[in-house]
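Fold and contact review
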Amino acid sequence: MQPVRLLILGTGGMAKTHAENFAAIPGVTLVAGIDTRAEQLATFQATHTIPHGFPSVQDAIGWGAFDAVTNVTPDAAHYATTLPFLAAGKHVLCEKPLATNAAHAGEMAAAAATAGVVNMVNLTYRNVPAMQKAARMVRDGAIGPIRHFEASYLQSWLTQPAWGHWDKESQWLWRLSTKHGSKGVLGDVGIHILDFATFIAGMDAVQISCLLQTFDKTPGGQIGEYVLDANDSATMQVRLANGALGTVGATRFATGHLNDLRLRLYGLTGGIEVRFEKGESHLRASTGDNIKDGTWVDVDCPPVPTVYQRFIAAIRKEGPAEPDFARGAALQVLLDKAEASAAQDGRLLAV
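Residues numbered from 1 in each chain as written. Predicted model: local features only at pLDDT ≥ 70, side-chain atom pairs only at ≥ 80, totals over all residues. Heavy atoms only, no water.

This brings us to the pattern of salt bridges. Under the defined criterion, the tally for this structure stands at 18 salt bridges. When the shortest N-O distance is used, the salt bridge between E339 and K183 registers 3.1 Å. Placement of the pair is E339 in helix α10 (residues 325-343) and K183 in the loop between α7 (170-173) and α8 (184-201), with a sequence separation of 156 residues. With a closest N to O distance of 2.8 Å, D195 and R327 form a salt bridge. Within this pair, whereas D195 is found in helix α8, its partner R327 is found in helix α10, the two being separated by 132 residues in sequence. Per residue, the accessibility class of D195 equals that of R327, and both read buried. Because the salt bridges share partners, they merge into one network encompassing E150, R262, R264, E273, R275, E277 and R284. (Salt bridge = Lys/Arg side-chain N within 4 Å of Asp/Glu carboxyl O. Helix = DSSP H or I, 4+ residues; strand = E, 2+ residues; numbered from the N terminus. Buried < 20%, exposed > 50% of the residue type's maximum accessible area, 1.4 Å probe, protein only.)

Below, the discussion takes up the sheet that holds strand β4 (residues 68-71). On the basis of which strands lie adjacent, the open sheet formed by six strands has the order β3-β2-β1-β4-β5-β6 and parallel pairing. Of all strands in the sheet, those with a lone pairing partner are β3 (52-54) and β6 (119-122), marking the two edges. Pairs of neighbouring strands in the sheet enclose a mean axial angle of 25°, with direction left out of account. Where strand β1 (residues 4-9) meets strand β2 (residues 28-34), six bridges bridge the pair, whose relative direction is parallel. Directly across from L9, in β2, lies its bridge partner I34. Each of β1, β2, β4 and β5 (91-95) touches helix α4 (residues 78-87); the most contacted strand, β5, lies at about 170° to it. (Pairing = 2+ DSSP bridges. Axes fitted to C-alpha atoms, helices over the stretch in contact; angles between N-to-C directions. Contact = heavy atoms within 4.5 Å.)

What follows concerns the nonpolar core. The biggest cluster of nonpolar side chains holds 50 residues, and the ones touching the most others in it are F196, I200, M236, V238, L265 and I272. The leading source of residues in this core is α8, at eleven residues. Contacts of I272, omitting those with residues within four sequence positions, involve A134, M137, V138, I143, I200, L263, R264, L265, L283, R284, A285 and W296. With 24 residues, the next largest nonpolar core counts L7, F66, A109 and V117 among its residues. (Core = buried A, V, L, I, M, F, W, Y, C linked by side-chain atoms within 4.5 Å.)

Moving on: the sheet that holds strand β14 (residues 270-277). Read across the open sheet, the nine strands follow the order β16-β15-β14-β13-β7-β12-β11-β8-β17; overall the sheet is mixed. Both outer strands of the open sheet, β16 (297-298) and β17 (349-350), are each paired with one neighbouring strand and no more. Looking at chain direction, strand β8 (residues 205-213) and strand β11 (residues 233-240) are connected through eight bridges and run antiparallel. What sits directly across from L212, in β11, is A234. The strands touched by α8 are β7 (146-155), β8, β11, β12 (245-251), β13 (259-267) and β14; relative to β7, the strand with the most contacts, the crossing angle is about 150°. The strands that α10 touches are β8, β11 and β17; relative to β8, the one it contacts most, it runs at about 50°.

A word on the environment of D300. Its location among the elements puts D300 in the loop between β16 and α9 (307-315). Taking the relative accessible area as the measure of exposure, D300 reaches 69% and is therefore exposed. On a C-alpha basis, the gap between D300 and H282 in space is 8.3 Å, while along the polypeptide they are 18 residues apart.

Applying the stated criterion across every chain, the model contains ten aromatic pairs. Ring geometry for F22 and F311: centres 6.1 Å apart, planes at 70°, overall edge-to-face. Here the residue F22 occupies a position in helix α1 (residues 13-23), and F311 occupies one in helix α9, the gap between them amounting to 289 residues. Note on accessibility: F22 and F311 belong to one class, buried. Ring geometry for F215 versus F253: centroids 5.3 Å apart, planes at 75°, classification edge-to-face. (Phe/Tyr/Trp six-rings, centres within 6.5 Å; stacked < 30°, edge-to-face > 60°.)

Following both chains from N to C, one finds α8 and α10 inclined at 115°, their axes separated by 10 Å at the closest point. Taken as a pair, α8 and α10 cross one another with a handedness that is right-handed. Judged by residue contacts, L186, G187, G190, I191, L194, D195, T198 and F199 of α8 engage R327, L331, L334, L335, A338 and E339 from α10. (Left-handed = near helix turned anticlockwise from the far one by under 90°.)

With respect to the helices, strands and loops of the structure, Q332 is situated in helix α10. A relative accessible area of 3% means that Q332 is categorised as buried. In this view, Q332 contacts P97, A99, T100, N101, A102 and A105; residues no more than four positions away in its chain are not counted.

Here's what the structure looks like:
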């Protein structure tokens, strides 16, 4: 088994998840962490038994005793912090979105290809068994040519404190502020539901229209240094490469839904419904003779490896590096087009 020495860039909330998952993989050693905040870095190192810590990317590259990096910095830092590691020939897993604009995402994908290293973006819901099974069914022709779809990502952390108090904790406040690098719900979870829908459908989007809404959440629209101007809800209409039409929605105001994704996909010979709710995925289908009376049946979905396992497997040449930076860049083009459409009152734009 090829050993892999891993460096963790960033020590925020998601870094804990990365550290725990990577440490559980045989042959993977957490060797270093990076954060400009010395005290927080030291605490992170102690918690996860990480021997080395660095205040900057340049310091870590100068040391160099690592094989791969997982980038868990805020969205706006992905571009500047990832490129030096690619230039140094290190494998990189980057949190989503890959960048905050299509130009930077495209540059990152090109740099990764030139470097010839494993490059992956953490689109978390690729780990959902029902998603992977549904994609295989579509590719195997189980529902025939696709004609229509409906997709949604529903959160409610702006209506109740199930995950924490959004108005008191920086991990939520920065997601509401464009000044702090947030692209709002569109960039935060819209990327997931767009990937969810187009990956299962097996087709790219060729046109998109979008409306975005930011709601007043506090008097003056500001809490401390955080100006609460990022979008809270997004609705989109999407045309796929074969002409199929669909609606895609994302919101933080879906009261009663903590973190739920849904997709209904309809073809000429069948339909499928994918749900991810309360941490569990489910798949239903109406195919064959069942379409005559609209009968839907549950479909068994085998477990799938996590993105952390897939990243290490790709480094060891035991599996494909999916989703890669090229996919992340393609999704960023779609997000940029959606944002541009919203700026034009929902004008339909070619992707």
